[in-house]
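A look at the structure
The residues making up each chain are set out below.
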Amino acid sequence: MFRSIVARRVMTAAQRGRRFGLVGAVVVLLIVVAGIGAWLLLDPGFQQETAEGERSLAFGDADFGDRVRAYLLEHPEVIVEAVRSLEQRQLAEQEQAAKQVLAEEGKTLLQASDDPVGGNPEGDVTLVEFFDYNCPYCRRVAPVMDEAEAADPNLRIVYKEMPILGADSQFAARAALAAQRQDRYVDFHKAMMAETGGIDRETTLAIAERLGIDTERLQRDMDDPALATAIERNLELARKLRITGTPGFVIGESILRGATDLATLQAKIAAARSRK
């Protein structure tokens, strides 16, 4: 009974710390270890939720706080248990929320009219990638994307510009979307991902010129507010899907956050195809 009371209060502390992120949760837990007894004794919520049979445990002993502290120091696995349970609950909540977003935002995710599409536009499985041209992990996974595309003639790829690494990335993303208006998006995208150095304004325009893209028209098209709107829509969609960094992938009902390998990507594609 004593263990269940302590574990329940530790779990509550961890949940309260969630609003400040992992660091906040750890800080709150440390506070609990240092003074949980006094907190419990003064917490009206604890008084209300403690069963009648437990009241003597909470209020009958003057040294309850010392006992709780000693117990936690002797059994730190209670804290580990609470944190692990919290992490599992958070993960389950995230995945459930993401599935809800996939159901509600499916058209925006897969069929937005201004999204660049590669692979087989009529393919039976769609792979959606969120990326930033200055992200080293996006560049590292680019050859994997090429392999997946080459090995699967029925794979459709939707490119979601997600420039989160500063003004240069924003410029590159708008340039890529402007290149789509000259039917050169995929070529431009792959050339940008193959670049070894940082992507800035000069590099972006140099790559476009090297590919024979009309850079004057490109820069005019980049000023179209519709491109900025498309990027903002991608950023908002990524936020809803809990994709907080790049790269991020959506294949069917699966969401991959971070770089991945070919085997994982192909397994997710196969799973999405089998569900169809």
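Here the structure is shown first, and the text comes after it.
First things first, this report covers the structure right here in the doc. (Residues numbered from 1 in each chain as written. Predicted model: local features only at pLDDT ≥ 70, side-chain atom pairs only at ≥ 80, totals over all residues. Heavy atoms only, no water.)

**Focus: the packing of aromatic side chains**
Put simply, the rule is: Aromatic rings from Phe, Tyr and Trp, with only the six-membered ring used for Trp, were paired whenever their centres fell within 6.5 Å, and each pair was classed as stacked if the ring planes differed by under 30 degrees, edge-to-face if by over 60, and tilted otherwise. Only protein chains enter the area calculation, which uses a 1.4 Å probe; residues under 20% of their type maximum are buried, those over 50% are exposed, and those in between are partly exposed. In this text, helices come from DSSP runs of H or I with a minimum length of four residues, and strands from runs of E with a minimum of two, each type numbered from the N-terminal end.
In this structure the tally under the stated criterion is three aromatic pairs. Each ring, one from Phe 131 and one from Tyr 133, has its centre 5.3 Å from the other, and the planes form 65°; the classification is edge-to-face. The burial state of Phe 131 is the same as that of Tyr 133; both residues are buried. An angle of 50° between the planes, with centres 5.5 Å apart, marks the rings of Tyr 159 and Tyr 185 as tilted. Here Tyr 159, found in strand β3 (residues 155–161), pairs with Tyr 185, found in helix α10 (residues 185–194); they are 26 residues apart in sequence, far enough to count as distant. Across this residue pair, the class does not change: Tyr 159 and Tyr 185 are buried.

**Quick notes on the pattern of salt bridges**
Pairing is possible between side chains that carry opposite charge, provided their charged atoms lie close to one another. Convention followed: By salt bridge we mean one thing: a side-chain nitrogen of Lys or Arg within 4 Å of a carboxyl oxygen of Asp or Glu.
Tallied over the entire structure, the rule returns 12 salt bridges. Ionic pairing is found between Arg 181 and Asp 224, a salt bridge with its closest N-O pair at 2.9 Å. One end of the pair, Arg 181, is in the loop between α9 (167–179) and α10; the other, Asp 224, is in the loop between α12 (215–222) and α13 (225–240), with 43 residues separating them in the sequence. Look at Asp 224 and you get partly exposed, because its relative accessible area is 27%. A cluster of three or more residues bridged by salt bridges with shared partners is formed by Asp 114, Asp 115, Lys 160 and Arg 233.

**Points about the side chain of Asp 115**
Here is the rule we go by: Whenever a nitrogen or oxygen atom comes within 3.5 Å of another N or O atom, the pair is scored as a polar contact, on the condition that within protein one atom can donate a hydrogen and the other can accept it, and that pairs from neighbouring residues in sequence are kept only if both atoms are in side chains. Whether two residues are in contact is decided by their heavy atoms: any pair within 4.5 Å suffices.
Counting through the fold element by element, Asp 115 comes out in the loop between α7 (106–111) and β1 (117–119). Looking at Asp 115, its side chain comes within polar contact range of the side chain of Lys 160, at 2.4 Å. At 3.3 Å, the side chain of Asp 115 forms a polar contact with the side chain of Arg 233. If we skip the residues at most four places from it in the chain, Asp 115 touches Thr 108, Leu 109, Val 158, Tyr 159, Lys 160, Gln 180, Arg 233 and Asn 234.

**Focus on the pairing of β3**
Stated precisely, the cut-off is as follows: Pairing between strands requires that DSSP locate at least two bridges from one strand to the other. Throughout, right-handed denotes a crossover for which the path from the first strand over the helix to the second runs clockwise when the strands point away from the viewer.
Among the seven residues that make up β3, seven are buried, leaving the element largely enclosed by the rest of the structure. Residues Leu 155, Ile 157, Tyr 159 and Glu 161 line one face of β3 and the alternating positions Arg 156, Val 158 and Lys 160 line the opposite face, and both faces are buried. For strand β2 (residues 125–131) and β3, the ladder comprises seven bridges, and the chain directions are parallel. Bridge assignment links Phe 131 to a residue of β3, and that residue is Glu 161. The β-α-β motif built from β2, the intervening helix α8 (residues 136–151) and the parallel element β3 has right-handed crossover chirality.

**With respect to helix α11 (residues 201–210)**
Restricting attention to buried positions, one finds in α11 the residues Thr 203, Thr 204, Leu 205, Ile 207 and Ala 208. Of the residues trailing α11, Gly 212 is marked for its positive phi of about 80°.

**A closer look at the sheet that holds β3**
Cut-off, in case you're wondering: The angle between two axes is taken between their N-to-C directions and runs from 0 to 180 degrees, where each axis is a line fitted to C-alpha atoms and a helix contributes only its stretch in contact.
What the five strands build is an open sheet, ordered β1-β3-β2-β4-β5; its pairing is mixed. Each end of this open sheet is capped by a strand with a single partner; those strands are β1 and β5 (254–257). Strand-to-strand twist across the sheet, computed as the mean angle between neighbouring axes with direction ignored, equals 20°. Packed onto the sheet, α8 meets β1, β2, β3 and β4 (248–251) and runs at close to 155° relative to β3.

**As for the packing of α9 against α11**
This is how the line gets drawn: Oblique is the label for any angle not covered by the other classes, which are roughly parallel (under 35 degrees), roughly antiparallel (over 145) and roughly perpendicular (65 to 115). Handedness of each helix crossing follows the sense of rotation of the near helix against the far helix: counterclockwise by less than a right angle gives left-handed, clockwise gives right-handed. Basically, the charged four are Asp, Glu, Lys and Arg, the nonpolar ten are Ala, Val, Leu, Ile, Met, Phe, Trp, Tyr, Cys and Pro, and anything else, Gly included, counts as polar.
For the pair α9 and α11, the least separation of the axes is 9 Å and the interaxial angle reads 20°. By the angle between their axes, α9 is roughly parallel relative to α11. When you trace α9 past α11, the crossing you get is right-handed. Within the contact between the two elements, α9 uses Asp 168, Phe 171, Ala 172 and Ala 175 and α11 uses Arg 201, Thr 204 and Leu 205. Its residues assigned to classes, the contact of α9 with α11 comprises four nonpolar, one polar and two charged.

**Thoughts on the pairing of β5**
Bridge count between β4 and β5: four bridges; the pairing is antiparallel. Residue Phe 249 lies in a different strand from β5, and its bridge partner there is Leu 256.

**Notes on unusual backbone geometry**
Here Thr 246 and Pro 247 are connected by a cis peptide whose omega angle stands at -5°. Mapped onto the secondary structure, Pro 247 falls in the loop between α13 and β4. Of note in the backbone geometry, Asp 183 takes a positive phi value of approximately 55° without being a glycine. Residue placement: Asp 183 occurs in the loop between α9 and α10. One non-glycine residue, Arg 242, lies in positive phi territory at about 60°. Here Arg 242 shows up in the loop between α13 and β4.

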